[in-house]
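Structure assessment
Chain residues, written in single-letter form:
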Amino acid sequence: MRAHYGFDAPGIMLGLSLGGGAVVALGCVIVALAPGAWRYCGILVALLGAVPMSLGLLMVIYAFFGKVRTREHILDLAKLRGDETVLDVGTGAGLLLVGAAKRMQHGKVVGIDLWASKDLSNNAAATTMRNVMAESVAARVNVQTGDARELAFPDASFDRAVSLLCIHNIEGKVGQARACHEIARVLKPGGRVVIGDYVPTHAYAAAFKAAGLTIVQSKPAFGVALSLMWILVADKSLSPRKDT
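This next bit is on the packing of helix 1 (residues 10–33) against helix 2 (residues 38–78). Their axes nearest at 7 Å, the elements helix 1 and helix 2 cross at an angle of 160°. The angle between the axes of helix 1 and helix 2 places the two elements in the roughly antiparallel class. For the crossing formed where helix 1 meets helix 2, the hand is left-handed. When its residues are assigned to classes, the contact of helix 1 with helix 2 shows 19 nonpolar, 7 polar and 1 charged.

Have a look at this one:
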């Protein structure tokens, strides 16, 4: 049995790839068959179709080649020793969950998700557990159904928090900021959070900063993911912040 971590936003991926490809094909037909100036219209149509088609193909490349690279990069940034308690927010099929568990000697990794199929193909707790069993890390993980905006954990419960392609799926900027505040709340003093997403992470950085965390980085990681990717790293101080 092998682990399978699915395709992120499969409907969008197919829509961009196939829809954009169809528009490119139409443009090529116009160029081949239309007379005179109409050929320039065909070129324009093909170029317009190439944009969504390219984005869709980048999502495919990420699924096959960039996903594991991104996981390892995020976990490297988390600086795991192997004895931490780690929270994976929006665990999906368990990509980060399993990767973190493999780095654990005495620690524990908790993964939460709402299991929305539009966000990931075959997104279900059962899929995650199959991957956990396939990777032989069941003794070091705990998979739960949970909402990032209302984490069911006490304050200062986790040494590390990680998340990949989750927060952008939360509706509304207010909801996304609340998820960031919840992650900050359950993070222990001295802890670190690492977030990867398809969209720029600057708004997340602002929310974490407002929650008292120090932003280490919020920047693109296209070369790592081989696709659109921004990664944020933030640390929680060992001592409470003093407002002046």
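The next point concerns a nonpolar patch on the surface. Where nonpolar side chains cluster on the molecular surface, the patch consists of Val51, Leu55, Phe222 and Leu228 and spans about 320 Å² of accessible area. Structurally, Leu228 can be placed in the loop between helix 7 (222–225) and strand 7 (230–235).

Our next topic: the sheet that holds strand 2 (residues 108–113). One open sheet holds the 7 strands; their spatial order is 3-2-1-4-5-7-6, and the pairing between them is mixed. The two strands at the open ends of the sheet, each matched to only one other strand, are strand 3 (141–145) and strand 6 (214–220). Adjacent strand axes in the sheet meet at a mean angle of 15° when their direction is disregarded. Relative to strand 3, strand 2 runs parallel, the two being bridged by 5 bridges. Counterpart to Ile112 in the pairing with strand 3 is Gln144. Sitting on the sheet, helix 3 (residues 95–102) touches strand 1 (85–89), strand 2, strand 3 and strand 4 (158–164), and the angle it makes with strand 2 is about 175°. Running at roughly 145° to strand 5 (residues 187–197), helix 5 (residues 173–186) makes contact with strand 1, strand 4 and strand 5 of the sheet.

What follows concerns the packing of aromatic side chains. Within the structure shown, the criterion is met by 4 aromatic pairs. For the pair Tyr62 and Tyr198, a centre-to-centre distance of 5.9 Å together with 70° between the ring planes defines the contact as edge-to-face. Here Tyr198 lies in the loop between strand 5 and helix 6 (202–210) and Tyr62 lies in helix 2, a separation of 136 residues in the sequence. By relative accessible area, Tyr62 is classed as buried at 1%. Summarising the aromatic geometry, the rings of Phe153 and Phe158 are spaced 5.0 Å apart at their centres and angled 90° between planes, so their arrangement reads as edge-to-face.

Basis of the calculations
- Residues numbered from 1 in each chain as written.
- Predicted model: local features only at pLDDT ≥ 70, side-chain atom pairs only at ≥ 80, totals over all residues.
- Heavy atoms only, no water.
- Axes fitted to C-alpha atoms, helices over the stretch in contact; angles between N-to-C directions.
- Helix = DSSP H or I, 4+ residues; strand = E, 2+ residues; numbered from the N terminus.
- Parallel < 35°, antiparallel > 145°, perpendicular 65-115°, else oblique.
- Left-handed = near helix turned anticlockwise from the far one by under 90°.
- Nonpolar A, V, L, I, M, F, W, Y, C, P; charged D, E, K, R; others polar.
- Patch = residues over 30% accessible without salt bridge, like charges linked within 9 Å, V, L, I, M, F, W, Y side chains within 5 Å.
- Areas by Shrake-Rupley, 256 points an atom, 1.4 Å probe, with all protein chains shown as cover.
- Salt bridge = Lys/Arg side-chain N within 4 Å of Asp/Glu carboxyl O.
- Pairing = 2+ DSSP bridges.
- Contact = heavy atoms within 4.5 Å.
- Phe/Tyr/Trp six-rings, centres within 6.5 Å; stacked < 30°, edge-to-face > 60°.
- Buried < 20%, exposed > 50% of the residue type's maximum accessible area, 1.4 Å probe, protein only.

Read these as spatial facts, not as claims about activity.
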